[in-house]
Amino acid sequence: MASKNIQSDGIVEQCPDCGREQPHEVSIDILTESDDDQNAEFSREPYRVAECRACGATTKTRMNNA
Ligand SMILES: [Zn+2]
């Protein structure tokens, strides 16, 4: 699984675990999804992963959500 840091300095955004804004490490991960075993098709979706520097909680957001 490839992981690429796009913001090594971190960005400040809301952390649901901390309940306040905290600096986050943000990276983009391509995660493979398989909804169904019958459907042997894999969809690879880019996710934006933000990890809170204060508590370590990660928030994954699918990039191509409408
Ligand atoms: Zn946090």
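What counts and what doesn't
Residues numbered from 1 in each chain as written. Predicted model: local features only at pLDDT ≥ 70, side-chain atom pairs only at ≥ 80, totals over all residues. Helix = DSSP H or I, 4+ residues; strand = E, 2+ residues; numbered from the N terminus. Buried ≥ 20, exposed ≤ 12 C-beta atoms within 10 Å, placed from the backbone. Contact = placed C-beta atoms within 7 Å.

J.: What's the story with the overall build of the chain in this structure? I'm lost.
T.: The helix and strand tally for the chain stands at zero helices and four strands. The order of α-helices and β-strands along the chain, N terminus first, is β-β-β-β. Looking at the 66 residues of the chain, the share that counts as buried comes to 6%. Sequence separation of at least 24 residues holds for 37% of the intrachain contacts in the chain that already meet a minimum separation of 6.

J.: Any chance you could explain the environment of valine 12 here in plain terms?
T.: Locating valine 12 in the fold gives a position in strand β1 (residues 3–15). For valine 12, a count of 10 C-beta atoms within 10 Å gives the class exposed. In this structure, the C-alpha to C-alpha distance between valine 12 and valine 26, residues 14 residues apart in sequence, is 10.0 Å. In this structure valine 12 touches Glu21, Gln22 and Pro23, once residues within four positions along its chain are discounted.

Any link to function would need more than the numbers given here.
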